[in-house]
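Structural characterization, general
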Amino acid sequence: MTGGPVSLAMPPMASAGLGSLGLPDVVDTTALDHPLVTLTRIPPAYPMAAKRMGIQGWVKVRFMVTHQGKVDRVTIVDADPPEVFNRSVTHCVSRWRFKPGTVEGMPVNCWAETTVTFQLRS
C-alpha cells in the first residue's frame, strides 16, 4: 500500500478583506509594521496671488494611502491662512505615491497626516 493520494483537490480560495481578518478596512499609521515609505512626493505649487502678496502659511492635510500605495480621500484638517493654499496642497498630495503600509505583512489602507508649509525665500 502507498503513502496516500498524489494530489489533493482543494476548493478555490476566496480573497478576504481586512474586516474578515478582524482588522479594520483602514488603519492608522501607528498600526503599521513599518512607517510609510514615500516613493513620489511632488511639491505644491506656490499660488501666484499669495506669492505676489507675500503670504506664507501652512496646511495640515489628512489622506488615505491605499493598499496599492496611491493617495485617496484627501481632506484639509486645518490651514493658516484659511483657504489660501488648500487647492495647491490637495492637488499635489493626490499625486504622491507610497510603498503600501502593511499589517502582519499584508498591504493595507491607512490614514496619514502631514503639514505642508509655504515659505517665501528671501
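How each quantity is defined
- Residues numbered from 1 in each chain as written.
- Predicted model: local features only at pLDDT ≥ 70, side-chain atom pairs only at ≥ 80, totals over all residues.
- Heavy atoms only, no water.
- Helix = DSSP H or I, 4+ residues; strand = E, 2+ residues; numbered from the N terminus.
- Buried < 20%, exposed > 50% of the residue type's maximum accessible area, 1.4 Å probe, protein only.
- Phe/Tyr/Trp six-rings, centres within 6.5 Å; stacked < 30°, edge-to-face > 60°.
- Arc of directions from axis to C-beta.
- Contact = heavy atoms within 4.5 Å.
- Core = buried A, V, L, I, M, F, W, Y, C linked by side-chain atoms within 4.5 Å.
- Pairing = 2+ DSSP bridges.
- Salt bridge = Lys/Arg side-chain N within 4 Å of Asp/Glu carboxyl O.

**Describing the side chain of serine 88**
In this fold, serine 88 is placed in helix α2 (residues 86-93). For serine 88, a relative accessible area of 13% corresponds to the buried category.

**Topic: the packing of aromatic side chains**
A complete count under the given rule lists 5 aromatic pairs for this structure. Between the aromatic rings of tyrosine 46 and phenylalanine 85, the centroid separation amounts to 5.6 Å while the plane-to-plane angle is 85°, which identifies the pairing as edge-to-face. You can see tyrosine 46 sitting in the loop between β2 (37-40) and α1 (48-52) and its partner phenylalanine 85 sitting in the loop between β4 (71-80) and α2, a full 39 residues away along the chain. Residue classification places phenylalanine 85 among the buried positions, given a relative accessible area of 0%. Ring plane angle 15° and centroid distance 4.1 Å describe the contact between phenylalanine 85 and phenylalanine 118, whose orientation is recorded as stacked.

**Notes on α2**
Of all the residues in α2, the buried ones are Asn86, Ser88, Val89, Cys92 and Val93. Axial view of α2: buried residues confined to an arc of 165°, hence all on one face. Next to the buried residues of α2 lie β3 (57-65), β4 and β7 (106-118).

**Describing the nonpolar core**
In terms of nonpolar packing, the biggest core is built from 22 residues, with Phe63, Val89, Val93, Trp96 and Phe118 touching the most fellow members. The greatest single-element share of this core, amounting to 5 residues, is contributed by β7. Apart from residues no more than four positions distant in its own chain, valine 93 is found in contact with Val61, Phe63, Val71 and Val74.

**Points about the pairing of β3**
Sheet topology note: the β3/β7 ladder contains 9 bridges and is antiparallel. Paired with methionine 64 across the strands is tryptophan 111, a residue of β7. Two strands pair when backbone bridges link them, and β3 and β4 are joined in this way by 7 bridges, in the antiparallel orientation. Each bridged residue has a counterpart across the sheet, and for tryptophan 58 the counterpart in β4 is aspartate 80.

**Re the pattern of salt bridges**
Overall, the coordinates contain 2 salt bridges when judged by the stated rule. Between glutamate 113 and lysine 60 there is a salt bridge, with its nearest N and O atoms 3.3 Å apart. Of the two residues, glutamate 113 sits in strand β7 while lysine 60 sits in strand β3, which places them 53 residues apart along the sequence. Note on glutamate 113: relative accessible area 42%, which makes it partly exposed. As a salt-bridge pair, arginine 62 and glutamate 113 come within 4.0 Å of each other at their nearest N and O atoms. A residue pair is termed long-range when its members are at least 10 positions apart, and arginine 62 in strand β3 and glutamate 113 in strand β7 qualify at 51 residues.

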